[in-house]
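# Descriptive structure summary
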Amino acid sequence: MKLFRMFFRNIRDAFKSVYRNFSLSLASISCITITLVVVAIALMASLNIDHFTKNIRKDVTIVVFAKEEVEKDKIGVLQARIEQLDNVHSVTYRSNDEEKQRIQEAFPELETIFSNWEVNHLLESFLVTVDNLEDIEETANQIASFEEIETVDYGEVWVNKLMSAFEAVEKVTVASVIALIIVTVFLIINTIKLAIFSRKREISIMRLVGASNFTIKMPFVVEGMVLGFIGSIIPIAFTLYGYLALYNHFEGQLFSSLLQLIKPEPFIYVIALIVLLIGMIVGMLGSYRAVKKYLKI
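Note that the coordinates shown come from a computational prediction; the quantities given were computed from them, not determined experimentally. (Residues numbered from 1 in each chain as written. Predicted model: local features only at pLDDT ≥ 70, side-chain atom pairs only at ≥ 80, totals over all residues. Heavy atoms only, no water.)

### Let's talk about the sheet that holds strand β4 (residues 149-153)
The strands that make up a sheet pair up through hydrogen bonds in the backbone, lying either parallel or antiparallel. Put simply, the rule is: DSSP bridges decide pairing: two strands pair if at least two such bridges lie between them. Labels follow the DSSP assignment, with helices taken as runs of H or I lasting at least four residues and strands as runs of E lasting at least two, numbered in each case from the N terminus. A fitted line through C-alpha atoms serves as each axis, taken over the contacting stretch for helices, and the angle formed by two N-to-C directions is quoted from 0 to 180°. Note on definitions: a residue-residue contact is assigned when non-hydrogen atoms from the two residues lie within 4.5 Å.
Across the sheet, which stays open at both edges, the four strands sit in the order β2-β3-β1-β4 with antiparallel pairing between neighbours. The strands lining the two open edges of the sheet, one partner per strand, are β2 (88-94) and β4. Across this sheet, the average inter-strand angle for adjacent strands is 20°, counted without regard to direction. Relative to strand β3 (residues 125-130), strand β1 (residues 61-66) runs antiparallel, the two sharing five bridges. Following the sheet pairing, Ile 62 is matched in β3 by Val 128. Where helix α3 (residues 75-83) meets the sheet, it contacts β1, β2, β3 and β4, and its direction lies at approximately 160° from that of β2. The strands touched by helix α6 (residues 136-144) are β1, β2, β3 and β4; relative to β4, the strand with the most contacts, the crossing angle is about 165°.

In structure tokens, the structure reads:
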């Protein structure tokens with residue numbers, strides 16, 4: 001109980017100290033706010049890019065055409081064989097009649113050509129999705145080795161370029177977020193150090209009256225936590241309302257249905273919590289390191 005009373009008393013004193021040293025506290029809070037807004041944007045962008053890549057990976061499909069002489073009653077057996085392959089996630093059968101109808105709907109000008117056909121010359125086909133995009137070439141080759149298969153197409157050149165782009169984007173976004181967090185930590189710690197430097201006389205007086213190192217450090221550490229909390233309020237509001245406005249403005253997608261944004265809930269709450277924790281932890285760390293320097297521990 002004594003520890004809790006001490007903690008809450010330190011929080012109360014921290015708010016008073018922020019008020020008494022308003023100009024220096026404002027500088028620290030402003031630095032925390034600006035850097036956390038940038039971190040929040042970077043986190044939301046990074047996670048959405050990762051979401052985009054996962055959705056596009058799921059949509060990469062192997063189109064398999066069966067030979068014309070394959071009888072319809074054998075199609076089910078062929079589909080089962082494809083489904084048994086290790087990397088195959090799903091197999092969707094599309095009959096030549098369905099394919100003909102799909103083409104007619106997409107290209108009405110071909111209606112006259114199809115109307116002259118006595119027999120449907122389109123091939124029976126399968127749409128195959130895979131579990132691991134990196135192994136799609138091997139899976140396509142396995143399917144192509146079946147004697148009942150006419151052709152297999154998955155856009156090899158496009159997929160290879162897409163995979164390279166995925167890897168590059170993932171590396172850049174992860175590196176950017178890590179770099180921004182490191183810069184944020186550095187800026188916030190140094191800003192708080194400057195604020196505490198101006199109060200080194202206060203620390204010296206506390207030492208002279210016999211206060212223990214813990215007693216001296218605790219109020220400043222709690223004050224750093226309070227500064228981090230106050231500085232994260234605007235970034236949290238920006239995250240909650242800004243992302244929701246963005247999502248509603250673009251109706252949940254950017255430019256294409258392939259680029260689906262992450263749904264706001266609970267995504268924005270997770271980002272807001274991360275921003276809050278970064279602000280408070282870095283504020284505490286900055287204050288601790290600054291006080292520790294002056295105590296020469």
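From this point, the discussion proceeds with the structure in view.
### Regarding α3
So the rule is basically this: The cut-offs for exposure are 20% and 50% of the maximum accessible area for each residue type, with area from a 1.4 Å probe on protein chains only; residues under the lower value are buried, those over the upper are exposed, and the others partly exposed. The reported arc concerns the directions from the helix axis to the C-beta atoms and nothing else.
When α3 is considered as a whole, its buried residues turn out to be Ile 75, Leu 78, Gln 79 and Ile 82. For α3, the angular spread of the buried residues around the axis is 100°, confining them to a single face. Buried-residue contacts for α3 involve β1, β2, β3, α6 and β4.

### Examining a negative patch on the surface
Threshold: Patch construction takes residues with relative accessible area above 30% that form no salt bridge. Like charges are linked within 9 Å, and nonpolar side chains (Val, Leu, Ile, Met, Phe, Trp, Tyr) are linked within 5 Å. To measure how exposed things are, a 1.4 Å probe is used in the Shrake-Rupley method; for residues, cover is taken only from the protein chains shown. Here a salt bridge means any side-chain nitrogen of Lys or Arg lying within 4 Å of a carboxyl oxygen belonging to Asp or Glu. A positive count includes Lys and Arg, and a negative count includes Asp and Glu. His and the chain ends are not counted in either. Every charge is mapped onto a representative atom, which is NZ of Lys, CZ of Arg, CG of Asp or CD of Glu.
A surface patch of like charges, here negative, comprises Asp 86, Asp 135, Glu 137 and Glu 138. Tracing the sequence through the fold places Asp 86 in the loop between α3 and β2.

### Section: the environment of Glu 68
Inspection of the secondary structure assignment puts Glu 68 in the loop between β1 and α3. Its relative accessible area of 53% is what places Glu 68 among the exposed residues. Considered as a pair, Glu 68 and Glu 150 are 82 residues apart in the sequence and their alpha carbons are 8.1 Å apart.

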